[in-house]
Amino acid sequence: MLTPFRELTIVHAVQQPLQEPKFDKLVPIKEIVGATYALVHTRITNDAKSSAKLDVRASWDEPVDDMLAKKWTTVHGEAHVFDLPIAEKDNTLTVGEPETPAQHEGGQAAGEDQKLMFQGALLNTKQAGKQKSIVLGPGKVSGVFEVKKHEFGDTKYRKVKYYAVATTRFREYFLDLIDPERYAELTQPADTQNKIPNQMKKISTGEKTLAQEKPPAIPLTRETSVEVKVLNSARPALPKILYVVPLFEWERKEDDGSIIRRRCGGGFRVYMDRPWYSSGDEELLGVVIARDHSVISADDHPMKMYVTQWGLDPIWKSAGKLKTAPTLADFPSMVRKQTGVTIEERPTDKVDIAGFDVMYDEERRLWYSDIFVNPGQTYFPFIRLGLVRYQPNSIADCFVSRVVLTDFNQVIPDRVAAVTYESPQKIKVQVAGVFGLAKDLDIKDLEKTPAELLSSAFMTTTLERHAGDGDLGWFPVNPKPTPIPGIMVIDPDAMIPEKVYGTKMLWSREFNLTEPLKNPRGQNG
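Just so we're clear, the structure is a prediction, and the values are computed from it rather than from any experiment.

Each value, and the rule that gives it
Residues numbered from 1 in each chain as written. Predicted model: local features only at pLDDT ≥ 70, side-chain atom pairs only at ≥ 80, totals over all residues. Heavy atoms only, no water. Core = buried A, V, L, I, M, F, W, Y, C linked by side-chain atoms within 4.5 Å. Buried < 20%, exposed > 50% of the residue type's maximum accessible area, 1.4 Å probe, protein only. Helix = DSSP H or I, 4+ residues; strand = E, 2+ residues; numbered from the N terminus. Phe/Tyr/Trp six-rings, centres within 6.5 Å; stacked < 30°, edge-to-face > 60°. Lys NZ or Arg CZ within 6 Å of the ring centre and 35° of its normal. Pairing = 2+ DSSP bridges. Lys, Arg positive; Asp, Glu negative; His and termini not counted. Salt bridge = Lys/Arg side-chain N within 4 Å of Asp/Glu carboxyl O. Polar contact = N/O pair within 3.5 Å; in protein donor to acceptor, adjacent residues only side chain to side chain. Contact = heavy atoms within 4.5 Å.

1. Thoughts on the nonpolar core
The biggest cluster of nonpolar side chains holds 25 residues, and the ones touching the most others in it are Leu54 and Tyr162. Listing elements by their share of this core, those giving two or more residues are β1 (22–29), β2 (37–45), β3 (51–64), β4 (73–85), β5 (92–95), β8 (158–168) and β11 (221–230). Formed by 24 residues, the second largest nonpolar core is a distinct cluster that contains Phe268, Tyr277, Phe331 and Ile383.

Put into structure tokens, the structure is as follows:
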């Protein structure tokens, strides 16, 4: 007796896809100003025979400056961007146009990085106008899909990590790993079906019993990730400038016979009110600089009220010359620079931007930025800063906010002071630095007649004794003479101009002490 044949299909089910999916290209694009979403163009390779579905997920961290909190915080965001079915021959999935040029951040030359090929950057409006996304439904061409949208809900810049997650094609063969309590009888012997699986724990909560599922030791998916920049697509908010104060750096050098101390000027600390990060992470404070110096020279030029200006003090005749207008090279502490930037007030004109880091002062609950400027060998010039919020990770015409002008502030020059112990009862004090004149003297003749400076540019030094407590316990050794009406008396503490070196001057004075110094660096004189 013969039985009819039966056809058997033997499936070699694998719990995971045989290969990890891989982003060959990933280009998130913000096409228009004000876009709250990115168009995701990508090409992903996978093992189609063992993969049934591909999910693209995203995660990122971003700073948030909540005014009700004591300080800014970092929040985490996640999103499921899209998913794609995988046919058995679709080893490559194409979404949109993966060859779309990547957007690049401002201030750096555009270039593709093989490891991080999507470092956001400038996309000009002509490029944006030429882009066309192919619109092909998944049923028309296998493995080819229309461009996908990743909605963020705002226009901010973010550094996003995208994950390509492939799920096994044989998921139905591992139901016991998906829901062990429901499908335990499929894989366990009859005598153990009534037992609680090892992967299950039961927690009693009054009348209900909740089953907690432990994830399988080996998941049903494989994934890879890549981090890209999704650019800001709107101009940052106007910075709230509160006040500007001078900033100094100090250098000190000592040996057995002298103390040398240098005061480095040229700095300003700009304090700003909260909040910050209106355009996302890496937001800077920018100084607006004129590209064309004729803007500064012309009194009626419309751009003059939007750029940084400087000028000499009209009361003092500076030994050094000052350029017509500052350039990017005059801001040595900037962390980023960009040329040819548009501003909202004058969209047809271009400016240069020097970007500076912004820090948070927890005690004051204010933001601040330190800006150092180099006006050359000039004596106390004035500068008025044009300031903006600067987001280098932006699309075209979204890099900077509107401009805020500060008051005019004077740039304090560098000074070097040296105290030399020539003998136990004699010390010499010297000060050097740029100088200015209060009277109209020919600077070229100063090397011959430095004494003329006594009535124009002089400096004083006072010998004091520490006879009290703290910093207020210092008192002059020799009190100043009482001024006599109608008679000019030379200040006995005036330092004598000793030498002129181009734009710099050396002042000096010697002190003869009534008693020897016990410790030249101590607090006894």
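Moving on from the model shown.
2. Re the packing of aromatic side chains
In total, this model carries 13 aromatic pairs according to the counting rule given. The interplanar angle of 45° and the centroid separation of 5.9 Å between the aromatic rings of tyrosine 271 and tyrosine 368 together place this pair among those described as tilted. Here tyrosine 271 is found in strand β13 (residues 258–272), whereas its partner tyrosine 368 is found in strand β20 (residues 366–372), with 97 residues between them in sequence. Judged by relative accessible area, which is 4%, tyrosine 271 ranks as buried. Ring centres of tryptophan 316 and tyrosine 379 lie 5.4 Å apart, and the angle between their planes is 65°; on these two criteria the pair is classed as edge-to-face. Pair noted here: tryptophan 316 is in the loop between β15 (309–311) and β16 (317–318) and tyrosine 379 is in the loop between β20 and β21 (382–384), with a separation of 63 residues, a long-range link. Take tryptophan 316: its relative accessible area is 28%, and that puts it in the partly exposed class. Every member of this aromatic cluster is reached through a ring pair, and the members are Trp72, Trp276, Tyr277, Tyr360 and Trp367. Seen from the ring of tyrosine 37, lysine 149 lies directly overhead, with NZ or CZ sitting 4.2 Å from the centre.

3. What to know about the sheet that holds strand β14 (residues 284–290)
With antiparallel pairing, the 5 strands of this open sheet are ordered in space as β17-β18-β14-β22-β23. Lying at the two open borders of the sheet, with one neighbouring strand each, are β17 (336–342) and β23 (404–405).

4. Focus on the side chain of arginine 263
Its place among the elements puts arginine 263 in strand β13. For the buried arginine 263, no salt bridge is present, and the opposite-charge side chain at shortest range is aspartate 414, 6.3 Å distant. Within polar-contact distance, the side chain of arginine 263 engages the backbone oxygen of proline 413 at 2.6 Å. When sequence neighbours within four positions are dropped, the list of residues in contact with arginine 263 reads Phe248, Glu249, Trp250, Ile412, Pro413, Asp414 and Arg415.

5. Digging into the sheet that holds strand β24 (residues 409–410)
Note on sheets: strands pair through backbone hydrogen bonds, and any given pair is parallel or antiparallel. With antiparallel pairing, 3 strands are arranged side by side in an open sheet as β15-β21-β24. What marks the edges here is a single partner per strand, and that holds for β15 and β24. Pairing between β21 and β24: 2 bridges, direction antiparallel. Counted as the bridge partner of isoleucine 383 is asparagine 409 from β24.

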